[in-house]
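Fold and geometry: a report
Read off the chains here:
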Amino acid sequence: MSSDAQPSAGPVRTCLIGCGAVAQQMYARHLPQIPGLRMVMVSDLRPENAQRVAAAMACATGTAAEAFAAASLAIIATPPASHAALARQALAAGCDVIVEKPFTISSAEAAQLVAQAEQAGRRIYVAQFRRLYPKLEQARQVIGSGLLGQVRAVEMYEGGRFDWEVATDYINRDPYGGVLFDTGAHTLDMGLHAAGLDTGALDVRVVSVRRDRPEPAHEIEARFVLRTDGRDIEGRLHLSRARALANLVRVRGERGQLEFDVSHAGGLTLTAGGRRIPVFPGRQVESARHAFTLQYHQLVTAPDNMSLAARGFINQISILEAVYHHE
Amino acid sequence: MSDRQPIGEIAVLGAAGYVGQRLCADLRDHGLAVTGVCRPYAAFLLERLGIPSLDPAAAGQARRFPVVINLAYPTRGAGYTRRRQNREIMQLVDRLVEPGGHVIHVSSLAVFGFALDAPVVAGPVALRADNEYCMSKIAMEHALLGNRHIGRLQVVRLGNVWGPACPNWTVGLIERLRAGKPVGVRGRPGWSNATDVGNVCSYLRHLLLPGTDAGMRFHHLAEFGDTPWSRFVDRLATDLNLPAGEALAPPAPAGGRLAEFRAALRGLRPAGFIRGVMDARHLGADARAVLSRLPAGLVSGLKKLKGPQVFPLEEPLGPDDADFLRVIGCQQRFASVTDAGWRLEVTLEQSFERVGEWMREAGYV
């Protein structure tokens, strides 16, 4: 997968660390479709989870260290608090790394991993598959063109009754299992990426946070101010696992606004001069699972495509971290 | 509430759903002991409301309940698995309710079809071939009718449930408006047959009052049923500042099996197959070799057999769109049949205000 890999080396030997719900419902079903990947080993602290996924992917089970030694690409799909340590270990073992979202739980860890990967000559990505939604890229281009003027505010809403059959009680017991790092990593990234705020210098000041319970919270509403290039941008992030919300991203500019649904389908709505103008991208993805599968295909066939490179997620983690720690 | 006889503890199946969560909170707020039955991964939805939860796998092992309210229905898996899922839910009801206990089964107006094609009666409905959701609802009612352990059974058929964050009708209508999809049928205003979730909770709570007789009774709840859908749509469209598009014609009425078979065959698209062959590298070469040897008149005659190209004059509708428009254009009323002692808790205007408040909080406006 790295630029020094030989084209005739065959499929990339891959390992998967973490065999919970995401692994069982997404990786086990869709990764076998990727011709450039060959799963050689999976690992999980619960042997039954590892065996279930290993059976589905026709590979061996082992410890994380054994998996890193057997593979050249490591996928980290464990709970967020363990991402940084496992990614460090994988990079040190000579693997390229793909980390499930959220990248890490702290911006310091995120920056350290990016630096470690660079020094080791390895690649590190974040599996934030919604970046493959065509409308998100289109939104980024529209806003980046300056058509709406400078960005003034970014509002992000995502909520619905939780129905993901988790394999553990992680969402209730893990301090980082709340909706903020879980769903929020997706929603926040869509807003930042669309507004061009995912990279570059960014300061975060949290104004207020309202939660339904102490972390892990299942509903959270945060207001914050992002400072970049000498200007302030208002941010609002409202997430819920219990009830429906608008499920959209709305970027307000000096001369209008752009909004889009957080799902894979549909397009954008531009509002300017008092008129609402729907805009549709030229292509679509069939589903979220399609985007999930596509991201791995692109990571294997075009490793130099940096849209999922980990350095593009440090700002996201900075905001999540600031909101999380705000009382 | 009556003080003649304590109601006892209530088990609510499907407690983690939209109506279930609100019902559990409502019963608790009125001083009733309630336990929500739901799958473990959804238990947190009840815990955050302070409602104790019970894993279905553990149901019946520790205790039984004098009252069971069933909101559960099959929601996952392919349509042909619904019968098995129904059976599992009925077995769960059996394990939970005390012998001779009280069961309130929450059903739907869908037992009469999406467009209320079958005659609406406040009584048992005959099994018939229909959409999988409708059939599942009918089958569930039948399973309960045949249950000899239940002392008192009440079947409450709800109209189209509406309310803040309601996934089917409220969110569904909002999303259709935002997507520019039709939310009505031109010249065919339909009856909403709607019920507000607050009134659903109120009525179910009312039915917990001890009855004077055992046995069953059918209830229909659609207190806003005589309000056309257009009123709901116009209110949402105004709040969202969006136009309300209409389909030019209603979806074609359901035909018989032969019509359905013909429609399914159209999906095979021979034209697409032929085009695929002609465009292919090797098969196309073979096909061109054959056609080039045929008399020009014969080839021309074969092409004429296709007939002139016919374009669809209406925007094509997917199955979900068609079912939606059947409901939104429903010409039949689903009149409420409710206990005379119950009083409406949420008026239509209050319902609209609550939805509007939620829309602002949820980020729609």
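Read on for a plain summary of the structure. (Residues numbered from 1 in each chain as written. Chains lettered and ligands numbered in written order. Predicted model: local features only at pLDDT ≥ 70, side-chain atom pairs only at ≥ 80, totals over all residues. Heavy atoms only, no water.)

1. Thoughts on the overall build of chain A
Helix and strand counts for chain A come out as 10 helices and 14 strands. Against the compact-globule benchmark of 20 Å for 327 residues, chain A has a radius of gyration of 19 Å, which places it among compact chains. Along the three orthogonal principal directions, the C-alpha set of chain A runs to about 60 × 45 × 35 Å. Buried positions account for 57% of the 327 residues belonging to chain A. Here the analysis covers contacts within chain A between residues at least 6 apart in sequence; of these, 71% occur between residues at least 24 apart. Carbon together with sulfur atoms contributes 50% to the accessible area of chain A, which is approximately 13,100 Å² in total. Measuring between centres, the 34 positive side-chain charges of chain A sit 4 Å from its 33 negative side-chain charges. (Helix = DSSP H or I, 4+ residues; strand = E, 2+ residues; numbered from the N terminus. Rg over C-alpha atoms; globule rule 2.2 N^0.38 Å. Buried < 20%, exposed > 50% of the residue type's maximum accessible area, 1.4 Å probe, protein only. Contact = heavy atoms within 4.5 Å. Areas by Shrake-Rupley, 256 points an atom, 1.4 Å probe, with all protein chains shown as cover. Lys, Arg positive; Asp, Glu negative; His and termini not counted. Charge placed at Lys NZ, Arg CZ, Asp CG, Glu CD.)

2. Some words on the interface of chain B and chain A
Taken together, the 22 residues of chain B in the interface contact 26 residues of chain A. Summed over both partners, the interface of chain B with chain A buries about 2,000 Å², with 48% contributed by carbon and sulfur atoms. The largest share of the area that chain B buries against chain A comes from Tyr41(B), Phe44(B) and Glu361(B), three residues that together contribute 31% of it. For Glu361(B), the salt bridge is made with Arg210(A), and the minimal N-O distance between the two is 3.7 Å. Run the count over chain B and chain A and you get 11 residue pairs in polar contact (both at pLDDT 80 or more). Contributions of two or more residues to the side of chain B that touches chain A are made by helix H2 (43–47), helix H5 (167–179) and helix H13 (348–362) of chain B. (Buried area = accessible area lost by both parts, 1.4 Å probe. Salt bridge = Lys/Arg side-chain N within 4 Å of Asp/Glu carboxyl O. Polar contact = N/O pair within 3.5 Å; in protein donor to acceptor, adjacent residues only side chain to side chain.)

3. Digging into the packing of helix H7 (residues 229–240) of chain B against H13(B)
Residues and elements named next belong to chain B. Here H7 crosses H13 at 35 degrees, and the two axes come no closer than 11 Å. Considering how the two elements wind past one another, H7 and H13 form a crossing that is right-handed. In contact with Arg-231, Phe-232, Arg-235, Leu-236, Asp-239 and Leu-240 of H7, H13 contributes Leu-348, Glu-349, Phe-352, Glu-353, Val-355, Gly-356 and Met-359. Residue composition of the contact of H7 with H13, grouped by class: seven nonpolar, one polar and five charged. (Axes fitted to C-alpha atoms, helices over the stretch in contact; angles between N-to-C directions. Left-handed = near helix turned anticlockwise from the far one by under 90°. Nonpolar A, V, L, I, M, F, W, Y, C, P; charged D, E, K, R; others polar.)

4. Some remarks on the pattern of salt bridges
Applying the stated criterion across every chain yields a total of 38 salt bridges over all chains. Note that Asp182(A) and Arg241(A) form a salt bridge whose closest N and O atoms lie 2.9 Å from each other. Of this pair, Asp182(A) sits in helix H8 (residues 179–195) while Arg241(A) sits in the loop between strand S10 (231–240) and strand S11 (248–253), and the two are 59 residues apart along the sequence. Each of the two residues, Asp182(A) as well as Arg241(A), counts as buried. Members of the salt-bridge network, linked through shared partners, are Arg210(A), Asp212(A), Glu219(A), Glu221(A), Arg223(A), Arg236(A), Arg243(A), Arg48(B) and Glu361(B).

Worth remembering: the numbers are spatial, not functional.
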